[in-house]
Structures are given as C-alpha cells and as structure tokens.
Amino acid sequence: IQAAFSAEDLGALRAKVTPEMLSYFSEQLSENSSRGLINRVTDVKLLQGDLAEAWSEGSADYATVAMHFALTDSMVERASGRTVEGGNPSEVTELWTFMRARGGGWLLSAIQQA
C-alpha cells in the first residue's frame, strides 16, 4: 500500500483498499499534484504488528492492527526531484483497520495515528 501510494498508482491501491480509502488517497494525491509535489515513502520496514481488535458486523469481518514501522517519508518537488520536506528515516506507529467480506480478501479500510 505504501509503495502504491508513493508511485501514485491508483490501480494498485484499488486492489488493496476500500472505496472510501481509495477516495481519501486519491484526494491526497490530487492535492500533492496541485502543489507540484510527490509524497515519497521509501525503505518501509514493519518492526512490529499487533492485533488490537477484531470483530464482525453483518457479513463483514474487521481487524485493527497496531503497526510500528520504520520508513523514510518525504515531499519531493515533481519538476526538480528536490526534497522539500522530510527525508529522514523515522519510526511511526499507526492503527490500520482492515475489512473483508466473509471468506474474501482483506482490504485497508482506515488508518489512525497512534
């Protein structure tokens, strides 16, 4: 998901996220593009993932995972390739919620900052 977002690949994201998350990512990418920027997320490494919560609603299953990962997050000028923000390795913890129709594949449905 991070790689698809960084590559601005909505097709790849569509296969991994819910329509609501695709809309959110698409909006972020459009805002970045209008500012002449690309959000590059590189060197992503999952350091720890813990199931925080799991439940069912109707015919859908949900799971929230507390994910602690290392990454380099930077904003880069589209025209020049110059880094204008970030660019230093960091560690982040986020809560990612996934959902699936019973028996289906998991899709990212929400991200919350921890």
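This is a predicted model, so every value here is computed, not measured. (Residues numbered from 1 in each chain as written. Predicted model: local features only at pLDDT ≥ 70, side-chain atom pairs only at ≥ 80, totals over all residues. Heavy atoms only, no water.)

## A few points about the pattern of salt bridges
So, point 1. Under the criterion given, the structure shown has four salt bridges.
So, point 2. When the shortest N-O distance is used, the salt bridge between Arg 78 and Glu 8 registers 2.8 Å. Residue Arg 78 is located in the loop between β2 (60-77) and β3 (83-101), and its partner Glu 8 is located in the loop between α1 (2-6) and α2 (10-14); the two are separated by 70 residues in the primary sequence.
So, point 3. In this structure Glu 8 comes out as partly exposed when scored by relative accessible area, which is 28%.
So, point 4. Asp 61 is the partner of Arg 102 in a salt bridge, and the nearest nitrogen-oxygen pair spans 3.0 Å. With a gap of 41 residues between them, Arg 102 in the loop between β3 and β4 (107-113) and Asp 61 in strand β2 connect regions that are remote in the sequence. (Salt bridge = Lys/Arg side-chain N within 4 Å of Asp/Glu carboxyl O. Helix = DSSP H or I, 4+ residues; strand = E, 2+ residues; numbered from the N terminus. Buried < 20%, exposed > 50% of the residue type's maximum accessible area, 1.4 Å probe, protein only.)

## Some thoughts on the side chain of Asn 39
So, point 1. With respect to the helices and strands, Asn 39 occurs in strand β1 (residues 37-57).
So, point 2. Overall, the relative accessible area of 14% leaves Asn 39 in the buried class.
So, point 3. Separated by 2.6 Å, the side chains of Asn 39 and Asp 73 make a polar contact.
So, point 4. A polar atom in the side chain of Asn 39 sits 3.2 Å from the backbone oxygen of Ser 74.
So, point 5. Excluding anything up to four places from it in sequence, Asn 39 contacts Phe 5, Ser 6, Asn 32, Asp 73, Ser 74 and Met 75. (Polar contact = N/O pair within 3.5 Å; in protein donor to acceptor, adjacent residues only side chain to side chain. Contact = heavy atoms within 4.5 Å.)

## With respect to the environment of Phe 5
So, point 1. Checked against the element boundaries, Phe 5 lands in helix α1.
So, point 2. For Phe 5, a relative accessible area of 6% puts it in the buried group.
So, point 3. Placed 34 residues apart in sequence, Phe 5 and Asn 39 show a C-alpha to C-alpha distance of 8.1 Å.
So, point 4. Every residue in contact with Phe 5, bar those within four places of it in the chain, is listed here: Leu 13, Phe 25, Gln 28, Leu 29 and Asn 39.

## Regarding the packing of aromatic side chains
So, point 1. Under the counting rule described, the total for this entry stands at five aromatic pairs.
So, point 2. Judged by centre distance (5.8 Å) and plane angle (50°), the ring pair of Tyr 24 and Phe 25 falls under tilted.
So, point 3. The exposure class of Phe 25 is buried, given its relative accessible area of 5%.
So, point 4. Both rings, one in Trp 55 and one in Tyr 62, keep their centres 5.2 Å apart while their planes meet at 10°; by these two values the pair is stacked.
So, point 5. Taking relative accessible area as the criterion, Trp 55 reaches 27% and is therefore assigned partly exposed.
So, point 6. One aromatic cluster in this structure is built from Phe 5, Tyr 24 and Phe 25. (Phe/Tyr/Trp six-rings, centres within 6.5 Å; stacked < 30°, edge-to-face > 60°.)

None of the figures reported here should be taken as evidence of function without further support.
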